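So the chains spell out like this:
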Amino acid sequence: MSSQQMYALIDAFERDIRGHLRRFIKSQVGDDAVIFGGALTDLEARRDADPMGTGADLVDYLDLRPAYDLLNQHRRYLPADLATQVRELTSELDTILPIRHRVMHSRPLVSGDFDKIMSSLVKFDFTFWRGTAKILRFLQDDDSWMPEDTFEPLEDKVRHNLPQSEHDETGLIGRDEEVVKICQTLKRKRDSVVTLCGEGGIGKTALAVEIAYTLLDDPEEPFDLVLWTSLKTERLTGLGVQALRDSATDLIGIANQLGSGTSADFAGGIAALAAAIEGFTPLIVIDNLETINGSDFVELYENLPDNASFLVTSREGIGQLERRIEVGPLSDKDALLLLNQMIRHRNVPALKSITGEARKNIVQKLRCSPLAIRWFILSTEAGKNPLDVIRHQDELLSYCVSSVYDNLSANSVEVFIAMEVLRRPVTPDDLVLLLGRSVADVRSALRELTRGALVRARLSGDSSLVMVIELTDTAREFTSLVIPRDHPLRKQVQENETTFLRDEERRAEEKVRRSLGPNVVRTRFETDAPTAQILRRALQSSKGRDYVRALELVGEAKQLNPEFWEVHRVEGFIHANKGDKLGARESYLDAYRLAETQEHKAVVAHYFAGLLARNLMEPGLAIPYAREAHEVLMLPDTASTLGTALVWHNQYDEGIQLLEQAASAAEGRLRLIATTALAAAYMGRASWSLRESRNPVQAAYDAICAYELASDELDIGAADQKLRETACQAANAAIHYLMRCQAFGHEVDTMPDFFDKLTKRLSQISGAEAWHALRKTASQYSFSGNQPYAFSRLLKNMELIEAEPTQSNAESRNPTIEAGDGRMLGTIHSLKEGFGFILTNVTEETIYFHKTGLVGGASFSQLLIGLNVAFSVGNDTNGRRRAEAVEVGE
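Attention here is on the structure that accompanies the text. Because the structure is predicted, anything quoted here is derived from the model rather than measured.

Moving on: the overall build of the protein. Secondary structure assignment for the protein yields 40 helices and 15 strands. For 890 residues, the compact-globule estimate of 2.2 N^0.38 gives 29 Å, and the C-alpha radius of gyration of the protein, at 45 Å, exceeds that figure by more than 25%. Split into buried and exposed, the 890 residues of the protein put 51% on the buried side. Considering only residue pairs separated by 6 or more positions, the protein has 68% of its internal contacts joining residues 24 or more positions apart.

A word on the packing of helix α1 (residues 3-29) against helix α6 (residues 93-104). Contact geometry for α1 and α6: axes closest at 10 Å, N-to-C directions at 125 degrees. Judged on the interaxial angle alone, α6 and α1 are oblique. Judged by the sense of rotation from one axis to the other, the crossing of α1 with α6 is left-handed. For the pair α1 and α6, the contacting residues are Ser-3, Met-6, Tyr-7, Ile-10, Asp-11, Phe-13 and Glu-14 in the first and Ile-96, Ile-99, Arg-100, Val-103 and Met-104 in the second. When grouped by side-chain class, the residues that make up the contact of α1 with α6 number eight nonpolar, one polar and three charged.

Turning next to the pairing of strand β2 (residues 193-197). Taken across its five residues, β2 has five buried, putting it largely inside the fold. Side-chain alternation along β2 places Val-193, Thr-195 and Cys-197 on one buried face and Val-194 and Leu-196 on a second face that is also buried. Taken together, the five bridges between β2 and strand β7 (residues 309-314) define a ladder with parallel strand orientation. Its bridge partner being in β7, Cys-197 is matched across the sheet by Ser-314. As defined by bridge partners, β2 adjoins strand β8 (residues 323-326) across four bridges and the pair is classed as parallel. Within the sheet, the bridge partner assigned to Thr-195 lies in β8 and is Arg-324.

The strand order across the open sheet formed by six strands is β1-β3-β6-β7-β2-β8, and the pairing between neighbours is parallel. One side of each edge strand has no neighbouring strand; the edge strands of this open sheet are β1 (159-160) and β8.

As a further point, take the side chain of Ser-120. For Ser-120, the position within the fold is in helix α7 (residues 113-121). By relative accessible area, Ser-120 is classed as buried at 2%. Here Ser-120 is in contact with Glu-92, Thr-95 and Ile-96, once residues within four sequence places are set aside.

Okay, the packing of aromatic side chains next. Going through the model one piece at a time under the given rule, you end up with 20 aromatic pairs. An angle of 50 degrees between the planes, with centres 5.7 Å apart, marks the rings of Tyr-301 and Phe-310 as tilted. Aromatic side chains Phe-608 and Tyr-625 sit 4.8 Å apart centroid to centroid with 65 degrees between the ring planes, which places their arrangement in the edge-to-face category. With Phe-608 in helix α29 (residues 598-615) and Tyr-625 in helix α30 (residues 619-633), this residue pair connects regions lying 17 residues apart in the sequence. Grouping aromatic residues by their ring pairs yields a cluster made of Tyr-588, Tyr-592, Phe-608 and Tyr-625. Over the face of the ring belonging to Tyr-399 we find Arg-315, whose NZ or CZ atom lies 5.4 Å from the ring centre. Taking the ring centre of Tyr-607 as reference, the NZ or CZ of Arg-569 above it sits at 4.4 Å.

On to the sheet that holds strand β15 (residues 881-888), then. With mixed pairing, five strands are arranged side by side around a closed barrel as β11-β12-β13-β15-β14. Neighbouring strand axes in the sheet, compared pairwise and without regard to direction, differ in orientation by 55 degrees on average.

Tracing the sequence through the fold places Gln-4 in helix α1. Placed 141 residues apart in sequence, Gln-4 and Trp-145 show a C-alpha to C-alpha distance of 9.7 Å.

Let us look at the pairing of strand β5 (residues 240-243). Pairing analysis gives four bridges linking strand β4 (residues 234-237) to β5, with the strands arranged antiparallel. The residue of β5 that forms the bridge with Leu-236 is Val-241. Between the antiparallel neighbours β4 and β5 lie two residues.

Among the secondary structure elements, Arg-775 is positioned in helix α38 (residues 771-781). Assessed through its relative accessible area of 14%, Arg-775 is described here as buried. Between the C-alpha atoms of Arg-775 and Leu-795, which are 20 residues apart in sequence, the distance is 8.4 Å. Excluding its chain neighbours within four sequence positions, the residues that come into contact with Arg-775 are Leu-795, Met-798, Glu-799 and Glu-802.

The next subject is the packing of α6 against α7. Helix-helix packing is described using two parameters, namely the angle between the two axes and the distance between the axes. In the contact formed by α6 and α7, the axes pass within 10 Å of each other and the chain directions differ by 130 degrees. By the angle between their directions, the pair α6 and α7 is classed as oblique. Relative to α7, α6 is oriented so that their crossing is left-handed. Facing α6, whose interface residues are Thr-95, Ile-96, Ile-99 and Arg-102, α7 presents Asp-113, Lys-116, Ile-117, Ser-120 and Leu-121.

Attention shifts here to the nonpolar core. In this structure, Met-419, Ile-735, Phe-754 and Phe-755 are the most contacted members of the largest nonpolar core, which totals 161 residues. Tallying contributions element by element places helix α35 (residues 721-743) first for this core, with twelve residues. Ignoring anything within four residues of it in the chain, the contact list for Met-419 reads Val-426, Leu-431, Leu-446, Leu-449, Val-455, Ile-469, Glu-470, Leu-471 and Arg-476. Within the second largest apolar cluster, 45 residues are counted, among which are Leu-9, Leu-43, Ile-96 and Leu-109.

Turning our eyes to something else, we now look at unusual backbone geometry. Phi is positive for Lys-189, which is not a glycine, with a value near 60 degrees. Within the fold, Lys-189 resides in the loop between α9 (176-188) and β2. The partly exposed category is assigned to Lys-189, whose relative accessible area is 36%. The phi angle at Asn-650 is positive, at roughly 65 degrees, despite the residue not being glycine. Tracing the backbone through its elements, the reader meets Asn-650 in the loop between α31 (636-648) and α32 (652-665).

This model, assessed by the stated rule, comprises zero disulfides. Left without a disulfide partner, Cys-728 is nearest to the cysteine sulfur of Cys-705, which lies 17 Å away. Exposure remark for Cys-728: the relative accessible area of 0% places this residue in the buried category.

Calculation criteria
- Residues numbered from 1 in each chain as written.
- Predicted model: local features only at pLDDT ≥ 70, side-chain atom pairs only at ≥ 80, totals over all residues.
- Heavy atoms only, no water.
- Helix = DSSP H or I, 4+ residues; strand = E, 2+ residues; numbered from the N terminus.
- Rg over C-alpha atoms; globule rule 2.2 N^0.38 Å.
- Buried < 20%, exposed > 50% of the residue type's maximum accessible area, 1.4 Å probe, protein only.
- Contact = heavy atoms within 4.5 Å.
- Axes fitted to C-alpha atoms, helices over the stretch in contact; angles between N-to-C directions.
- Parallel < 35°, antiparallel > 145°, perpendicular 65-115°, else oblique.
- Left-handed = near helix turned anticlockwise from the far one by under 90°.
- Nonpolar A, V, L, I, M, F, W, Y, C, P; charged D, E, K, R; others polar.
- Pairing = 2+ DSSP bridges.
- Phe/Tyr/Trp six-rings, centres within 6.5 Å; stacked < 30°, edge-to-face > 60°.
- Lys NZ or Arg CZ within 6 Å of the ring centre and 35° of its normal.
- Core = buried A, V, L, I, M, F, W, Y, C linked by side-chain atoms within 4.5 Å.
- Disulfide = S-S within 2.5 Å.

Listed below in structure tokens is the structure:
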């Protein structure tokens, strides 16, 4: 049923009411004053104002409700059956009157209007309501019947040139809340420009028409002039895209269309339009603004009176001035309602028998888009196969998206393609990492895609909200039309994501292996992963002493994720490596402030304590942070840092206890660090004992303990120059303290064992820089007399070592393995299931090896950490260094 049909039906009902007034009431009462009562004066004024009103019946000037009320008021003059019916059906006017208003004033209809008006009017007995019955029969016999007379809408109090709604069959479905909110926004007039943004076909125009008519009928009359112009140049129908004539295409066209609403003979440009609306409170509605550029709108905005309000629809938005309101698809429920209403009213036989589940599937495949649903119905009505229409939506997709996509910048097209390849919600961090573009480029592209309604953003996350972006359903479907499967960027993004996933796996493995390792980067949420990978790259650059590049990468991460504490923690670490102590301090303090959990604060505290103790030489300030870190994390790393800080602050007993815990629990490189620190702590306490307590015996014991710790670690294959130096220095100190004890008659029971062990292991430390100091100390005490035999043997072995040709430390430890033909020497650093890592003797780097790379009959199950090996270096398929032809020494 169309508006014309509804007009005919309501008009017939009003004619029947007036007919009853004339036939049954005026004929019996006669006196107009008695019949019309207090309304008489107003009715006479209406008749007198009508040029054709001379001698006219006052009944013709009654509105529907007052006319029906007169029937009720004078029911005693009506036939009994009619009087009963008029009384009992009075409540039906509550349904009829709002619909009458929409029809008679050419307002957009509401979903269900046809059913409601039919349901109300069929209740009236056709015996008395013959005119109404006649139209009802016409409609029941032929739903395409149209009245002969063209309906002329009633004149409105507020001047306007609004178009009639294009959706009279169903009314505007699913937008009631949006209409109310947007009307309230426009009435407040705080935002002079409100833009309805969304992809093509989502219902922006229909929504704008509904809003404009709602404001037109608002009893508060917020606007006394409502002007409409449309820049739409084509329309999608069931037969294809059709061009529209007389559309505005520039500012002059816009001004002429708007001006026609003020005067039928309007002619002129923006200045004339401004003059025409001066003194009014106008609402200017511009449909399909994306046809022109934003600067044209700004010119129009700036030249019209300041009190003008604008309601704009656009696929792209203006980008400035506007209060942007996103218009999304219908809900599943409303989309299904629209489909059902369209099938019912269009009466398409091919669709009537479709089941409820099938209809739900149809609206899903049409993305709950109002235009797509109408296009589907109209295309089927035009004779197309419904299944083919669903499967082949190229024309629809092109109509909805092409105009925006064709105007995208190259940068935005790349981001668009990347989002299609990923097929998941992404963050800007993902795109920066996977495209290798700057943060500024990615953000600019996302702004353009958002303005074009090609992407949608939403908040995601439970404990912390993160903004994620994804292509709209329509844009995603459109990609298959414009992006070939072999597009080079597709392959690049896929490869980069594979690398990213592999690096994420490696990051997780490193965290498990040593959670406080220098290259380990933690994350708060899954969406922090891209930032974490950028920070890992920064740490790698810092390791290679490329601090400029390292800080550039940190800057990128900071732009992406400025509130992420790890960004600032890594920045502090890099500053510390660079030697910028104060810069590191500020970054660590920022990281500590931003860390949200106790664990994360403890991680920052651990690194900050290291900076304070080692770099800034403030162990007293470091201890509270180090203690906080250890109390929360309880790791060998934190025990080592806290123990070292305590030792440097002369709190030896607790510090040594913590360092012993660290050394016993740690593995690999950390074990060497903790052991070296523990040996140094014993030497420190030895010096302190002699200086503060005058106790050379305790000093000797501590120095011997320091030497044995370092020597035992070297003896199991540790290849660490600093540990070797510590062992040599500890031996030197021990000899010095032992000789002092002997000079004062103090006995140290471990002295013989110490000299024996040192004699046997001299080759461990003979290459150390402290060797000459050790040799000098030993020679100094060789003249003191009464030296034990063990000491004499030590001196003799020192002389023999100095007489031998100089050998490298690696060779002296590996007499059965020779390095030649590019082979390297090292020790097994760690072992996993089927693979491990070798610590090289010279560069002290760790190199991966697989069990298949063993030679010389060695079995992987027989390997132990610390074993000496020789090996060659090659590259795997990913270009990473790996050890090959690994030979185990004796």
